[in-house]
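Spelled out from the first residue to the last, the chains are:
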Number of protein chains: 2
Amino acid sequence: MRQSTLLLPTLREIPAEADTVSHQLLLRAGFIRQLAAGIYTYLPLGLRVLRKLEQIVREEMDRSGAQELLMPAMQPAELWKESGRYDLYGPELVRLQDRHQREFTLGPTHEEVITTLIRQEINSYRKLPVNLYQIQTKFRYERRPRFGLLRGREFLMKDAYSFDTDWDGLNRTYNTMFETYQRIFQRCGLRFRAVEADAGTIGGEGGTHEFMALADIGEDTIASCTCCDYAANLEKAVSKAPVRMENSQSATDTLPTPEHIHTPGIRTIQDLTNHLHIQATDIIKTLIYLEDEQPVAILIRGDQDLNEIKVINYLNAVTFQMADAQTVKQVTGAPVGFAGPYQLQIRVLVDEQVANMRTGITGANQADTHLKHIVPGRDFTMMDTGDFRNVSEGDLCPVCNDGTLVFHRGIEIGHIFKLGKKYSEKLQATFLDPQGKEQVMIMGCYGIGVSRMLSALVEQHHDDQGMKWPSSVAPYQVHIIPISVKDTTQMQLAEHLYLLLQDKGIEVLMDDRDERPGVKFKDSDLIGLPYRIIVGKDAGEGFVELVERADGVKRRLSVEEVLSVFEN
Amino acid sequence: MRQSTLLLPTLREIPAEADTVSHQLLLRAGFIRQLAAGIYTYLPLGLRVLRKLEQIVREEMDRSGAQELLMPAMQPAELWKESGRYDLYGPELVRLQDRHQREFTLGPTHEEVITTLIRQEINSYRKLPVNLYQIQTKFRYERRPRFGLLRGREFLMKDAYSFDTDWDGLNRTYNTMFETYQRIFQRCGLRFRAVEADAGTIGGEGGTHEFMALADIGEDTIASCTCCDYAANLEKAVSKAPVRMENSQSATDTLPTPEHIHTPGIRTIQDLTNHLHIQATDIIKTLIYLEDEQPVAILIRGDQDLNEIKVINYLNAVTFQMADAQTVKQVTGAPVGFAGPYQLQIRVLVDEQVANMRTGITGANQADTHLKHIVPGRDFTMMDTGDFRNVSEGDLCPVCNDGTLVFHRGIEIGHIFKLGKKYSEKLQATFLDPQGKEQVMIMGCYGIGVSRMLSALVEQHHDDQGMKWPSSVAPYQVHIIPISVKDTTQMQLAEHLYLLLQDKGIEVLMDDRDERPGVKFKDSDLIGLPYRIIVGKDAGEGFVELVERADGVKRRLSVEEVLSVFEN
C-alpha cells in the first residue's frame, strides 16, 4: 500500500476525549475515529488489525472443531421474555420496535437465539455435541462508555455456544475452549492470565473463567499466587481460611463486658483509629444492606473490604444494595457511622476474620458512641459465618501451602462459562438419549471481545513514541521510508524493495509522501509496524537501514540481506 | 469437513413460508433459518457462501484502489437531520433511543457518516480522490419482507463512497466501479445486465446504473435492445420518440367535433373496447393525480401504462399520488372512470404517443358518458407534452436504428450512483484546490447486496433436485459419498481421497453419516456442490464415480484420474 493514497490521518496532539494510552494512540495513529460516545469507525489500518484478530480467532475455533454460523443482531423480544432476561438485563439492553410496533432487541449476546435454533434442529444424541460460534457486531447501552474500544456501545465479539449430552461432555468442551483461548491470545501476542470468576448476569450452574490481559488501566483486579497457578478475579478470589479459634466459655468469662466510648462525629475507620490510637484490625465494621428489601448487617474487620458478590451468592439474593441513611437510622436507631452488632435485631453475617477476633470495637447503635470489648459469639451470634471479604495482597494462597496472593489489574478479553441447563431448560432444548428418553442439553458459552483485544494490545505494546504491533496482528509487516521522494535513486530502490517484499507475501506500507523525514519517522513510530526500512543516502550503494520497532535495533543491510530477514 | 458433525439440517418438505425457489432451497438445504420476518440466521454452509461472495467483492474492490474501513451501524439521528433524510426516509428507517433518550438510527446506508468523516479528515486536493468501502450488516424496516434473503430487514451490503475534486474525476471513478462490478458479478457466476436506472431515494445529480441478475422472480423489469447494448430499468427506459405529426389547422378543420357516447357503467379500457368494438390504441386514458396536493391530469394512450417516475421527474414533484374518488369527482364532476381532458380546468400532461393521435375517445367528465372525436391540440392543450409512459416490448430502441426493446425480469444486486454535491454540500465536505480556493467534493456511491446475491445465485443455478453452485462460491468443491460407512474398503478409500484432496487445497465435504445411499444422494443434490465422488462397489479396485452437478456427467475414474481433475 502506498501511503500517499491511504486514509491514514495521524494527529500530533493528544485528543482531549482520550482517557487511556491505547485510546490516545489509536486516535493519533489514525486507526479509529469516534462517531458518538462508545461508537467508533475503524479506519483502514485499524480494520486490518481487527481482521487479523478475527482470523486468528476463526482459525483456532475451527481447529477446535467448532462451526461458524451467523445469527441476526435483531432478536424478537419474546425470546428474551421466554428466558426471563428481558427484564433482568436492565437498561443496557438495546430495545426497539419495528414499524408494526413489534418489540425487538439488538443482541448483546445470543443464548436465546442459538438455543431456540438448536431446539428446532437437533433432537437426537447422535447429533451432539456441537459447538457453534459467530464473529459479529454486538450492541449494549453502556452506562458510561469510555476507554475507546474497551467499553463501547457497538463492538465486535466472538461468541460460541456448546451443546452436550451431559456434564462430562461439557467439561471436555470447556477444557477444549480453555486451551483454544490460550492459543488465541498467545498467537495475538497478549500477556494474559486465566482467572476463576463469578458467573454474573449470564449465570450458569458450573464454573467460569475470565481471560484477563494484564494492564494497569484494567477495570478488574486479579489475585494470583506467587507460587502456584491459582488466579482469580477479586470478586471470586479466596485466601486460605484462618484457623478458627473458638472462644471457650471460660475464656469468654474472663473478658471484660462491653463498655461505651464517647466518639463525637467519629464515623470512619480512619477517624476511629486516630481518635483511639488503635489499629484498624481492632475494629469490627458493621455494614447495613438491603437484601431483597430486608435489612441485613455484615461484619468485616476494619482493615478489610466487603465482597458483595460473595454475600449475594451466600444469601442467593436477587437484589442487594447498601441501605440508605434513613433505613440505617430505622434499623440501628443511630445515624450512619455508629452501627454495631450488639443487641441488633436483624440478621447478622460475620466474616470469618471477624469470627476469629478475641474482642473488637464496634458502633453502639447510638449517636457519637462506640463500644469496646465486643466479643464474637458472646455479644452477637455467629450463626452466619463465612468468607464475605475481598482477599488482600499478602494473604495465604488457598491452593498451595507456599505462596501468597499478589494483585494485578486486568482487561477482560475472554470469558468462558459452564451454563448447564440454565437456558436449555427454560427454552426446552432437549434431545432423545440412546434409550429414547428425553433429556435436557448441557450448555456452555464462550466469548471473546475482539475489538477490545485491539485496545488491550496497544496498552501492552507501546512506548512514548507510539504503538509496537506484534507481527501476528500488525496492519503491515514492513514500513518502507524513502528519505526523499525527489531522489530518484532512493525511490527506485524503495520501489524495488516494495515489489520484491510483496512478491514474497510480505505486507508492505510505503511512505511515498513528499514530507520531511522527521514527519515520516514520527508517523512511522506512531503506527508501529514491526520493521522499518529506511532508504536514504546509501541507496546508491544498494544499502538501507532496517529498524525493529520492538527494540529499536538498527542494522545497515544490503538489499539481499534485507530480503533474507524475511525468508521463513 | 465431516458431515456427521456438521450442522446441516436438510428438509424433505417445502417449507410453507417459502415463496420462491431460492428461498425454498436455501431453507431445505440447511443454508439459512428464519428468526423473524426478513431476519435470518446463516447456518455453516450458507455462511461459507456468504464469506466467499464477500471475499470476491473485497478482492475486486481492493484491486480497483478502494480502501476498506468499517463504520458503525448505530448513527446519531442528528446526522440524518443535517442531510434532510431523517424525515424523507420514512418508516423504513430503523430508529431507536439510547438510555439517555438520545436518538439514533441503524444505518441502511452511510452517506452521512462517511461524508462527515471525510469532512473532518481531508481538506486538501492532494488527498483526493479517495474511494472507501465497507462490508457490513445493514438494517431496514421493509414494508413487506419476503423472498428469503432478497427482501430482508437485516442484510449484508458492500457500500462504497468516492470523493473526487471534480466531475471528470467522478466519471473516472464511476467507470472504474462499473468495470469492477462487472468483474465481481462475473466471478460469482451471475448472469446479469447493467441497466440505466432512476436515482430514487438516494438521489444525486448524475447518472446511475443498476446491476440486475436475470431471474423470473425479479421484482424489476428491464428493457433491453435486441441489437445494441442499451438496457434500462422500466422506470427509466425510453423508446425512440415517435415522429411528431402536427395536426395542421386545415387538417383539424376537417375532423368531426366531439360527440357524446352513452357508456353506462363502462369504466375500464377493457370494457370500453368491448362495448364500442374499438382498439385500446383508439382511447386516451385520463389519469388524475395529486402533485404536492394540486390535481393534475395525465393522458396516456389506452394500451399503454403511466410511468410515475417520469412524471415526478418532469414535475419535480415532492409528493405524487393517485387522486382518491372524492378528488376525481370534485375535479371532473364525474365518478372515477369518466375523466377526460375536454374542457378540464386543471393542468394536463400529454404523453407524446397521445399527442401523435389524430383523434381519440376519452371520458366526458360526466357519469356514464364518453366522447369521441377528441383531437389533441384542438380539444385540449399540448403545452406539457413529454414521455410519460412505460416503454412496451417491441418499441424501437432509443439508441440504435436496428433493434427493438425486449423485457426481462431482474433482481437488483448492485447499484452505482453519481451523487455529485448532494451530500457534500449539505454536510460541508470541502477541500482547498491547488489555488487555495475552497471547493465542494464530488461524490459517488456504490452498493452491492451481498446476501441478496446468495439468493440470486440460487435462482439462476438450480434444478428440480436442488442447487448447483458455481465453483467460485460453492461452500465446498467436492462432496465425497461413501455408499456404506460400514464397508471398510470404501471408508478407507474415502478417507484417503478426503485427505489427498484437502492437501491440494480443495475444500471437501465428506458424508460419513450412517444413512442409506438414497438419503445421501438426495441431500447431495440439494446442497449442490460442483463435484460428487461416489465411493462404492469398485472401491476395491481403486475406482470411484465422479459426477458433475452442473450437467450430471458421470465418469468412472481411478484415484489418480480423480486427483488430476483437480490439478490446476
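On a predicted model such as this, the values are computed, not experimentally measured, just so you know.

> Looking at this model, I keep getting lost on the overall build of chain A. Mind explaining?
Of regular secondary structure, chain A possesses 16 helices and 31 strands. For chain A, the C-alpha atoms occupy an extent of roughly 95 × 70 × 50 Å along the three principal directions. Out of the 568 residues in chain A, the part that is buried amounts to 57%. Pairs at least 24 apart in sequence give 70% of the contacts found in chain A among residues at least 6 apart. When the accessible surface of chain A is split by element, carbon and sulfur atoms take 46% of a total near 23,700 Å².

> Please clarify how the side chain of Thr286 of chain A should be interpreted in this entry.
Residue and element names in this part refer to chain A. Topologically, Thr286 is positioned in strand β14 (residues 284-291). Judged by its relative accessible area of 13%, Thr286 is buried. If sequence neighbours within four positions are ignored, Thr286 has contacts with Ala297, Ile298, Leu299, Ala339, Gly340 and Pro341.

> It is not clear to me how the interface of chain B and chain A should be interpreted in this structure. Could you clarify?
In this assembly, 53 residues from chain B lie in contact with 53 residues from chain A. Where chain B abuts chain A, roughly 4,600 Å² becomes buried across the two surfaces, and 62% of that area is made up of carbon and sulfur atoms. Inspection of the chain B/chain A interface yields six salt bridges. Residue Glu68 of chain A is joined to Arg51 of chain B by a salt bridge in which the shortest nitrogen-to-oxygen separation is 3.3 Å. Across the contact surface, chain B and chain A share 20 residue pairs in polar contact (both at pLDDT 80 or more). Classifying every residue of the side of chain B that touches chain A gives 34 nonpolar, six polar and 13 charged.

> Looking at this model, I keep getting lost on the sheet that holds β14 of chain A. Mind explaining?
Strands belonging to one sheet form pairs held by backbone hydrogen bonds; the direction of such a pair is parallel or antiparallel. Residue and element names in this part refer to chain A. Reading across from one edge, β16-β14-β15-β17-β20 is the order of the five strands in this open sheet, with mixed pairing throughout. Pairing within the sheet leaves two strands with one partner each, and these edge strands are β16 (320-322) and β20 (384-386). Averaged over all pairs of adjacent strands, the angle between their axes in this sheet comes to 30°, without regard to strand direction. One ladder, built from three bridges, connects strand β17 (residues 347-351) with β20; its direction is parallel. What sits directly across from Asp351, in β20, is Gly386.

> I'm lost on the environment of Glu112 of chain B in this one. Help?
Residues and elements named next belong to chain B. Looking at where Glu112 falls in the secondary structure, it is placed in helix α5 (residues 111-121). Setting aside anything within four residues of it in sequence, one finds Glu112 in contact with Leu79, Trp80, Ser83, Arg85, Tyr423 and Leu427. A distance of 2.6 Å separates a polar atom in the side chain of Glu112 from a polar atom in the side chain of Ser83.

> Is there a simple way to explain helix α10 (residues 325-332) of chain B in this structure?
Side chains that are three or four residues apart share a direction in an α-helix, a result of its 3.6 residues per turn. All names here are of chain B. Three or more residues of α10 are buried, namely Thr327, Val328 and Thr332. One side of α10 holds all its buried residues, which, seen down the axis, span an arc of 110°. Residues Gln326 and Gln330 are exposed on α10 and point more than 90 degrees away from its buried face. On its buried face, α10 sits against β14 (284-291).

> When you look at the side chain of Lys52 of chain B in this model, what are you seeing that I'm missing?
Inspection of the secondary structure puts Lys52 of chain B in helix α2 (residues 44-63). Apart from the residues lying within four places of it in its own chain, the contact partners of Lys52 of chain B are Ser472, Val473, Ala474, Pro475, Gln477 and Glu507 of chain B.

> Can you walk me through the packing of α2 of chain B against helix α6 (residues 167-188) of chain B in this structure?
Between two packed helices, what matters for the description is the angle formed by their axes and the separation of those axes. All names here are of chain B. Look at α2 against α6: their axes get within 10 Å of each other, and the N-to-C directions meet at 150°. Between α2 and α6, the interaxial angle falls into the category roughly antiparallel. Here α2 runs over α6; the crossing is right-handed. Only Met177, Thr180, Arg183, Ile184, Arg187 and Cys188 of α6 make contact with α2, whose side of the interface consists of Leu53, Ile56, Val57, Glu59, Glu60, Met61 and Arg63. Among the residues forming the contact of α2 with α6, the class breakdown is seven nonpolar, one polar and five charged.

> Looking at this model, I keep getting lost on the sheet that holds strand β13 (residues 259-262) of chain B. Mind explaining?
All names here are of chain B. Taken in spatial order, the three strands make up an open sheet running β13-β19-β18, and their pairing is antiparallel. Since the sheet does not close on itself, it has two edges, and those belong to β13 and β18 (360-363), each with one partner. Taken pair by pair, the neighbouring strands of this sheet meet at an average axis angle of 35°, ignoring direction. The pairing of β18 with strand β19 (residues 369-374) spans three bridges and is classified as antiparallel. When the sheet's bridge partners are listed, Gly360 is paired in β19 with Ile374.

> Just checking my understanding: could you explain the relation of the copies chain B and chain A for this structure?
A rotation about some axis, followed by a shift along it, carries one copy of the chain onto the other. Under the fitted operation, chain B is carried onto chain A by 0.0 Å of movement along the axis and a turn of 180°, and the coordinates agree to an RMSD of 0.1 Å. As the rotation angle and translation indicate, the two copies are arranged about a two-fold axis. In terms of proximity to the rotation axis, the leading residue of chain B is Leu96 of chain B, whose C-alpha is 2.9 Å off the axis.

> What should I look at first to understand the domain arrangement of chain A in this one?
A common way to report how large an interface is uses the accessible area buried once the components associate. According to the domain assignment, chain A consists of domain 1 (15-216 + 413-458), domain 2 (249-386) and domain 3 (478-565). Here domain 2 of chain A and domain 3 of chain A have C-alpha centroids that lie 67 Å from each other.

> Please clarify how the pattern of salt bridges should be interpreted in this entry.
If the charged atoms of two oppositely charged side chains come close together, the side chains can form a pair. What the rule picks out here adds up to 88 salt bridges over all chains. Note that Arg85 of chain B and Glu111 of chain B form a salt bridge whose closest N and O atoms lie 2.9 Å from each other. Placement of Arg85 of chain B in helix α4 (residues 85-88) and of Glu111 of chain B in helix α5 is noted, with a sequence separation of 26 residues between them. The two residues Arg85 of chain B and Glu111 of chain B agree in class, both being buried. Overlapping salt bridges, with partners in common, bring together Arg51, Glu54, Arg58 and Glu68 of chain A together with Arg51, Glu54, Arg58 and Glu68 of chain B in one network.

> Explanation requested: the state of the cysteines in the structure shown.
Note on terminology: disulfide describes a covalent bond linking the sulfur atoms of two cysteines. As enumerated under the stated definition, the model contains zero disulfides over all chains in all. Summary of cysteine pairing: Cys400 of chain A is not part of a disulfide, and the nearest cysteine sulfur, belonging to Cys225 of chain A, is at 3.6 Å.

> What am I meant to see in unusual backbone geometry here?
The general pattern is negative phi for most residues beyond glycine and trans for most peptide bonds. Note that the residue after Leu128 of chain A, namely Pro129 of chain A, is joined by a cis bond; omega there is 0°. For Pro129 of chain A, the location among the structural elements is in the loop between α5 (111-121) and β7 (130-139). A positive phi angle, near 60°, is found at Phe147 of chain B, a position not held by glycine. Phi at Asn316 of chain B is positive, roughly 55°, even though this residue is not glycine. Within the fold, Asn316 of chain B resides in the loop between α9 (308-315) and β16 (320-322). Take Asn316 of chain B: its relative accessible area is 66%, and that puts it in the exposed class.

Conventions and cut-offs
- Residues numbered from 1 in each chain as written.
- Chains lettered and ligands numbered in written order.
- Predicted model: local features only at pLDDT ≥ 70, side-chain atom pairs only at ≥ 80, totals over all residues.
- Heavy atoms only, no water.
- Helix = DSSP H or I, 4+ residues; strand = E, 2+ residues; numbered from the N terminus.
- Buried < 20%, exposed > 50% of the residue type's maximum accessible area, 1.4 Å probe, protein only.
- Contact = heavy atoms within 4.5 Å.
- Areas by Shrake-Rupley, 256 points an atom, 1.4 Å probe, with all protein chains shown as cover.
- Buried area = accessible area lost by both parts, 1.4 Å probe.
- Salt bridge = Lys/Arg side-chain N within 4 Å of Asp/Glu carboxyl O.
- Polar contact = N/O pair within 3.5 Å; in protein donor to acceptor, adjacent residues only side chain to side chain.
- Nonpolar A, V, L, I, M, F, W, Y, C, P; charged D, E, K, R; others polar.
- Pairing = 2+ DSSP bridges.
- Axes fitted to C-alpha atoms, helices over the stretch in contact; angles between N-to-C directions.
- Arc of directions from axis to C-beta.
- Parallel < 35°, antiparallel > 145°, perpendicular 65-115°, else oblique.
- Left-handed = near helix turned anticlockwise from the far one by under 90°.
- Least-squares fit on C-alpha atoms with pLDDT ≥ 70 in both.
- Domains from an automatic or database assignment.
- Disulfide = S-S within 2.5 Å.

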